[in-house]
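# Examining the three-dimensional arrangement
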Amino acid sequence: MGVCNDGRLLAVLFLCFLWPLNVYGKDCSQWQLSQRINGQQLWQDLSVLSADEMQGRKAGNNQLSRDYIASRFQQIGLLPFSDTYLQTFNYKRSGELNIGVNVVGMVPSALGLQKYIVITAHYDHLGIRGRHIYNGADDNASGVAALLALAQVAKQTPLNYGLIFVATDAEETGLYGAKAFVDDSPVPLEQIRLSLNLDMIAYSGQRKRLYLASAKADKGLKPIVEYAVEHASVCLVAGHNGVTRNYNNTGKIDWRASSDHAVFKRAEISYLFFSVNDHRYYHTENDTIDNINPTFYQAVVESILTTLAFAAESL
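Quick look at the structure, then. (Residues numbered from 1 in each chain as written. Predicted model: local features only at pLDDT ≥ 70, side-chain atom pairs only at ≥ 80, totals over all residues. Heavy atoms only, no water.)

This brings us to the overall build of the protein chain. Looking only at helices and strands, one finds seven helices and twelve strands in the protein chain. Compactness check: the protein chain gives a C-alpha radius of gyration of 18 Å against a globular reference of 20 Å for 315 residues, within 12% of the reference. Across its three principal axes, the protein chain shows a C-alpha extent of roughly 55 × 45 × 40 Å. Looking at the protein chain residue by residue over its 315 residues, the buried ones come to 56%. Once local pairs closer than 6 in sequence are excluded, the contacts in the protein chain between residues at least 24 apart make up 76%. (Helix = DSSP H or I, 4+ residues; strand = E, 2+ residues; numbered from the N terminus. Rg over C-alpha atoms; globule rule 2.2 N^0.38 Å. Buried < 20%, exposed > 50% of the residue type's maximum accessible area, 1.4 Å probe, protein only. Contact = heavy atoms within 4.5 Å.)

As a packed pair, helix 1 (residues 39-49) and helix 7 (residues 294-314) sit with axes 10 Å apart at the nearest point and diverge in direction by 105°. Looking at the two axes, helix 1 sits roughly perpendicular to helix 7. Between helix 1 and helix 7, the residues in contact are G39, L42, W43 and L46 and P294, Y297, Q298 and V301, respectively. Counted by class, the contact of helix 1 with helix 7 contains six nonpolar, two polar and no charged residues. (Axes fitted to C-alpha atoms, helices over the stretch in contact; angles between N-to-C directions. Parallel < 35°, antiparallel > 145°, perpendicular 65-115°, else oblique. Nonpolar A, V, L, I, M, F, W, Y, C, P; charged D, E, K, R; others polar.)

Tallied over the full model, the rule gives two salt bridges. With its nearest N and O atoms 2.9 Å apart, the salt bridge here joins D254 to R256. Given the relative accessible area of 36%, R256 is considered partly exposed. (Salt bridge = Lys/Arg side-chain N within 4 Å of Asp/Glu carboxyl O.)

In this section: the pairing of strand 3 (residues 116-122). For strand 3, the buried fraction is high: seven of the seven residues fall into the buried class. Neither face of strand 3 is left uncovered, since the one carrying Y116, V118, T120 and H122 and the one carrying I117, I119 and A121 both have all their residues buried. The pairing of strand 3 with strand 7 (residues 192-198) spans five bridges and is parallel. Bridge pairing in strand 7 places I117 opposite L194. (Pairing = 2+ DSSP bridges.)

If you trace the backbone, T244 turns up in strand 10 (residues 243-245). Of the residues examined, T244 reaches a relative accessible area of 33% and is grouped as partly exposed. Each C-alpha atom of the pair T244 and A299 lies 26 Å from the other, and the pair is 55 residues apart in sequence. Here the side chain of T244 touches W255 through a polar contact of 2.8 Å, side chain to side chain. (Polar contact = N/O pair within 3.5 Å; in protein donor to acceptor, adjacent residues only side chain to side chain.)

This brings us to the nonpolar core. Membership of the largest hydrophobic core comes to 71 residues, with the highest contact counts inside it found for F73, I117, I119, F165, L198, F274 and Y297. For this core, the leading source of residues is helix 3 (residues 137-156), giving twelve residues. Non-local contacts of F274, meaning those with residues more than four positions away in its chain, are made with L196, N197, L198, D199, I201, L210, Y211, L212, L236, I304 and T307. Counting 16 residues, the second largest nonpolar core, distinct from the first, contains M106, F181, V187 and F264. (Core = buried A, V, L, I, M, F, W, Y, C linked by side-chain atoms within 4.5 Å.)

Next up on the list: the environment of V187. Assignment of secondary structure puts V187 in the loop between helix 4 (176-183) and strand 7. Along the primary structure V187 and F81 are separated by 106 residues, whereas in three dimensions their C-alpha atoms are 9.3 Å apart. Leaving out residues up to four positions away in the same chain, V187 has contacts with F81, Y116, I164 and I192.

Taking strand neighbours across the sheet as the criterion, the eight strands line up as 1-2-6-3-7-12-8-9 in an open arrangement whose pairing is mixed. Edge positions in the sheet fall to strand 1 (86-93) and strand 9 (235-238), since each has one partner strand and no second. With direction set aside, neighbouring strand axes in the sheet form an average angle of 25°. In this sheet, strand 6 (residues 162-168) lies alongside strand 2 (residues 96-107) in antiparallel orientation, the contact comprising five bridges. Bridge pairing in strand 6 links V104 to V166.

This is the structure:
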């Protein structure tokens, strides 16, 4: 029951009598929605971004998805920092110069504060390989659609902190979009109080859990993490802040460096990172919307909204 600028943040309760249960006694297999998120629009955005027509959104060949995100920013009413939402940047990979484009918009602070939370989600994926389209529904159309949903709510009810929404490009090839944003931030970095990164948040898997990571040394975020875990609409676990084995047990994942939050960490900006585990569809042509449970996904986004609202009140 966090306090938002409009007075109340709706609580989300679990039905707590079926297996599997997490340590808080929540039923991980059922989710009760608060409807603060427009589920129909959320699913529509996910469907469009993960459709075959997007051709897998590979960096350098993802203009359709970029144009869609920019059009949604405009529909929502986000403010650009210049005459466009697009932040174009150059990056070198394997000795070749490449061009990437982030999509950036903002909602000002309800109190007029020059303090910001940056919400990131990368929109690029793997493209087409052979005859297979790598749609990347979970990785990471899910994060971008969630970013749009959060932006819609924030526009309607602004929070105490200004919110900057960044759909990053070229994450898959080296976190280049996040690097470009931090290197050429539209606001001074000292005004950015938190990075909230969304990457692979929709696939429930058998355990039906979402993970929330922050730097172990960042004790100031502990109350936010604890609140998020307690009030989440899904089974939310504080974790993914170290190295684990991957799904196939063939290697390791360093979650601290696995996505755009790592760039903010290197810039000494606190971060919260939401993600499910890697899974059997990760980086395969089978990462499609057919494998996503819409109720679980909406409950995840509502949980992230609850965390964001509390963070904006308590930082």
